[in-house]
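Topology and contacts: notes
Okay, here's what each chain looks like letter by letter:
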Amino acid sequence: MTQDTVRPAPAVTPAPHPEWSLVLPVKRLALAKSRLGPFAGERRTALALAFALDTVAAALACPAVARVLVVTADPTAGAELTRLGALVVTDEPGGGLNPALAHGASRARRIAPRSPVAALSADLPALRPAELSLVLAAAARSGRSFLADSPGLGTTLLAALPGLPLDPRFGDGSRARHTAAGTTELTLPGVPSVRRDVDTGEDLHEARALGLGPHTTAALPLVDAS
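Since we're looking at a predicted model, the values are computed, not measured.

This next bit is on the overall build of the chain. From N to C terminus, the chain includes nine helices and seven strands. A buried classification covers 48% of the 226 residues belonging to the chain. Surface exposure of the chain reaches about 11,100 Å², of which carbon and sulfur atoms provide 57%.

Next up, the structure:
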């Protein structure tokens, strides 16, 4: 009798970690964060820029993120964010937030067709790269998915895997609109910094408790002194 030959099992190559393209919208600073006016006064625009800088810096430090595209028509914000390493998309199409995000996602897919794309709020001044990694890892298991904000009414992140449209529906009540569109809600715990966007002084107080990024931390004494 001949002994059966036992062949070793073929090696399994782990799936590569997705290299995400993140798209962030940044309003013209003169128009941004109007609800912060009662708290910050004339320093509101400085805070809006600081939020965007801290959000982009944290996103670029996230291992799952390959590139960050910022859609903005503001030259000051564009120059500062370019210095951080973001790719600034200046030809904003008009029509508001969602057309800008769709435009940015289209540009991202021309740059990296095989990469998943996510739209991320630009007002997450406490954003932590490790928490963003957890959210993107969860999003990589769904076709289209979103993360609700801290109050549970809005959206801070919307993700789509390659071949699927981003279909952004941000704005007041966006959690309900993304759900109605069949987008999977990500419910993972332990990611408060990705949920805590800032529109009001109270929001900023909550973000401060999480730990603000360096740009927002540096801007706050100017606000407190005004």
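Looking at the element boundaries, Ala61 is found in the loop between α2 (44-60) and β2 (65-72). Looking at Ala61, the relative accessible area reads 48%, which means it is partly exposed. Sequence spacing of Ala61 and Ala130 is 69 residues, and the spatial spacing of their C-alpha atoms is 8.9 Å.

Here we take up the confidence of the model for the chain. Across the chain, the average pLDDT comes to 90, with 90% of residues at 70 or higher. When the criterion is pLDDT under 50, residues 1-16 qualifies, and its contacts beyond four places in sequence or with other chains add up to zero contacts.

Okay, α2 next. For α2, spanning 17 residues, the distance from its first C-alpha to its last is 24 Å, which sits close to the expected 24 Å at 1.5 Å a residue. Of all the 17 residues making up α2, 13 are buried; the element is thus mostly covered by neighbouring parts of the structure.

Our next topic: unusual backbone geometry. Backbone phi values are negative for most residues with the exception of glycine, while trans is the configuration of most peptide bonds. The phi dihedral of Lys33 falls on the positive side, at around 55°, and the residue is not glycine. Judged by relative accessible area, which is 17%, Lys33 ranks as buried. Phi is positive for Asp167, which is not a glycine, with a value near 55°. Its place among the elements puts Asp167 in the loop between β6 (155-160) and α6 (174-180).

We now examine the sheet that holds strand β4 (residues 117-120). Read from one edge to the other, the open sheet built from seven strands follows the order β3-β2-β1-β4-β6-β5-β7, with strand pairing classed as mixed. Either end of the sheet is taken by a strand with one partner, and the two such strands are β3 (87-89) and β7 (184-185). Sheet topology places strand β1 (residues 20-26) next to β4; three bridges connect them, and they run parallel. From the neighbouring strand, Val23 faces β4, where its bridge partner is Ala119. Contacting β1, β2 and β4, α2 crosses the sheet at an angle of about 160° to β2.

Turning our attention to the nonpolar core. Within the largest apolar cluster, 38 residues are counted, with the highest numbers of intra-cluster contacts made by Leu22, Val68, Leu81, Leu132, Leu136 and Leu157. Breaking this core down by element, the ones donating at least two residues are β1, α2, β2, α3 (75-84), β4, α5 (129-139) and β6. The leading source of residues in this core is α2, at seven residues. In this structure Val68 touches Leu22, Leu24, Val56, Ala59, Leu60, Ala86 and Leu87, once residues within four positions along its chain are discounted.

In this section: the pairing of β6. Taken residue by residue, a regular strand's side chains alternate between the two faces of the sheet. Counting buried positions over the six residues of β6 gives six, a clear majority of the element. Sheet analysis places strand β5 (residues 144-148) next to β6, joined by five bridges and oriented antiparallel. Across the sheet, residue Ser145 finds its bridge partner in β6, namely Ala159. The loop that links β5 with its antiparallel partner β6 comprises six residues; one of these, Gly152, has a positive phi angle of about 85°.

Reading the values: the criteria
Residues numbered from 1 in each chain as written. Predicted model: local features only at pLDDT ≥ 70, side-chain atom pairs only at ≥ 80, totals over all residues. Heavy atoms only, no water. Helix = DSSP H or I, 4+ residues; strand = E, 2+ residues; numbered from the N terminus. Buried < 20%, exposed > 50% of the residue type's maximum accessible area, 1.4 Å probe, protein only. Areas by Shrake-Rupley, 256 points an atom, 1.4 Å probe, with all protein chains shown as cover. pLDDT = per-residue confidence, 0-100. Contact = heavy atoms within 4.5 Å. Expected span 1.5 Å × (residues − 1). Pairing = 2+ DSSP bridges. Axes fitted to C-alpha atoms, helices over the stretch in contact; angles between N-to-C directions. Core = buried A, V, L, I, M, F, W, Y, C linked by side-chain atoms within 4.5 Å.

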